[in-house]
Amino acid sequence: MKTIEVDEELYRYIASHTQHIGESASDILRRMLKFTAGQSAPAVSSPTKEAQPVRSEARPQDRVRAVRELLLSDEYAEQKRAVNRFMLVLSTLYRLDPAAFADATASLQGRTRVYFAGDEHTLLQNGTHTKPRHVPGTPYWVITNTNTGRKCSMVEHIMLAMQFPQELTEKVCGTI
């Protein structure tokens with residue numbers, strides 16, 4: 001196995017093509033390039049303008065606007081329970097940048113619990129009273145049997161990893 005360095009933009013582009021949790025960068029690239037094991041590599045040529053990856057994430061100001069709109073929405077205001085607001089925030093963050101969300105949640109876990117997974121079973125293996133719920137519009141499941149402070153801590157970790165402004169992150173956490 002060889003190690004290569006790629007810039008953040010290219011990494012996010014590759015990660016945005018993940019089809020399931022745990023899929024390696026090699027697997028993603030093989031699928032994208034239609035390159036199978038044992039196949040001889042094509043000759044290396046200089047990259048052309050068409051070969052450059054297209055940035056798939058929204059502009060930072062659009063992402064901030066989308067989160068602010070969520071906080072002002074009737075749907076969000078109508079939620080009486082913290083867990084429902086938590087789920088709406090997670091769904092929105094994923095929709096805004098799936099690759100950055102994946103990066104942020106990959107390292108997010110407690111001392112004895114896994115917080116996010118691709119299926120309910122994985123979360124149940126790490127605690128029988130975790131109350132896993134599917135995050136709507138995403139391939140993720142999250143544990144919900146945590147106090148509001150822990151939910152806020154998870155959202156804060158994700159938003160800061162996704163490079164949202166600190167003040168917006170605090171405002172979101174204050175509404176959960």
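Residues numbered from 1 in each chain as written. Predicted model: local features only at pLDDT ≥ 70, side-chain atom pairs only at ≥ 80, totals over all residues. Heavy atoms only, no water.

Trainee: Let's hear about unusual backbone geometry: which residues, and what values?
Mentor: In this structure, Lys131 is a non-glycine residue whose phi angle is positive, near 50 degrees. Relative to the helices and strands, Lys131 is located in the loop between α7 (120-125) and β2 (132-134). (Helix = DSSP H or I, 4+ residues; strand = E, 2+ residues; numbered from the N terminus.)

Trainee: How would you explain helix α9 (residues 166-175) if you had to name every residue and give the values?
Mentor: Residues Leu168, Thr169, Val172 and Cys173 constitute the buried set of α9. Buried residues in α9, looked at end-on, bunch into an arc of 135 degrees, giving them a common side. Exposed residues lying more than 90 degrees from the buried face of α9 are Glu167, Lys171 and Gly174. (Buried < 20%, exposed > 50% of the residue type's maximum accessible area, 1.4 Å probe, protein only. Arc of directions from axis to C-beta.)

Trainee: Account for the side chain of Thr130, with residues named and values stated.
Mentor: Relative to the helices and strands, Thr130 is located in the loop between α7 and β2. Given the relative accessible area of 1%, Thr130 is considered buried. Leave out the neighbours within four places in its chain, and Thr130 touches Arg113, Leu123, Leu124, Ile143, Thr144 and Asn145. (Contact = heavy atoms within 4.5 Å.)

Trainee: Kindly report on a nonpolar patch on the surface, identifying the contributing residues and their values.
Mentor: Side chains of Ile4, Val6 and Tyr11 sit close together on the surface and give an oily, nonpolar patch of about 300 Å² of accessible area. When you line up the elements, Tyr11 lands in helix α1 (residues 8-15). For Tyr11, a relative accessible area of 40% gives the class partly exposed. (Patch = residues over 30% accessible without salt bridge, like charges linked within 9 Å, V, L, I, M, F, W, Y side chains within 5 Å. Areas by Shrake-Rupley, 256 points an atom, 1.4 Å probe, with all protein chains shown as cover. Salt bridge = Lys/Arg side-chain N within 4 Å of Asp/Glu carboxyl O.)

Trainee: Give me the lowdown on α1, citing residues and values where you can.
Mentor: Buried residues of α1: Arg12, Ile14 and Ala15, and no others. End-on, the buried residues of α1 take up no more than an arc of 160 degrees, which puts them together on one face. Summarising the contacts, the buried residues of α1 are in contact with α2 (25-33), α6 (98-106) and α8 (148-161).

Trainee: An account of the environment of Lys151 is requested, with residue identities and associated values reported.
Mentor: Within the secondary structure layout, Lys151 lies in helix α8. Between the C-alpha atoms of Lys151 and Met87, which are 64 residues apart in sequence, the distance is 9.7 Å. In this view, Lys151 contacts Val83, Phe86, Thr144 and Thr146; residues no more than four positions away in its chain are not counted.

Trainee: So what's going on with the packing of aromatic side chains? Which residues, and what values?
Mentor: One pass over the full model with this rule turns up 4 aromatic pairs. With 5.9 Å between their ring centres and 70 degrees between their planes, Tyr94 and Tyr140 make a pair best called edge-to-face. Pair noted here: Tyr94 is in helix α5 (residues 82-96) and Tyr140 is in the loop between β2 and β3 (141-143), with a separation of 46 residues, a long-range link. The pair formed by Tyr94 and Tyr140 is uniform in burial state, with each residue classed as buried. Plain terms: the ring middles of Phe101 and Phe116 are 6.0 Å apart, the flat faces sit at 90 degrees to each other, and that makes the pair edge-to-face. With Phe101 in helix α6 and Phe116 in strand β1 (residues 116-117), this residue pair connects regions lying 15 residues apart in the sequence. (Phe/Tyr/Trp six-rings, centres within 6.5 Å; stacked < 30°, edge-to-face > 60°.)

Trainee: Give me the packing of α5 against α8: which residues, what numbers.
Mentor: Interaxial distance between α5 and α8 falls to 11 Å at its minimum, and their mutual angle equals 10 degrees. Of the possible angle classes, the one that applies to α5 and α8 is roughly parallel. Between α5 and α8, the contacting residues are Ala82, Val83, Phe86, Val89, Leu90 and Leu93 on the first element and Thr148, Lys151, Met154, Val155, Ile158 and Met159 on the second. (Axes fitted to C-alpha atoms, helices over the stretch in contact; angles between N-to-C directions. Parallel < 35°, antiparallel > 145°, perpendicular 65-115°, else oblique.)

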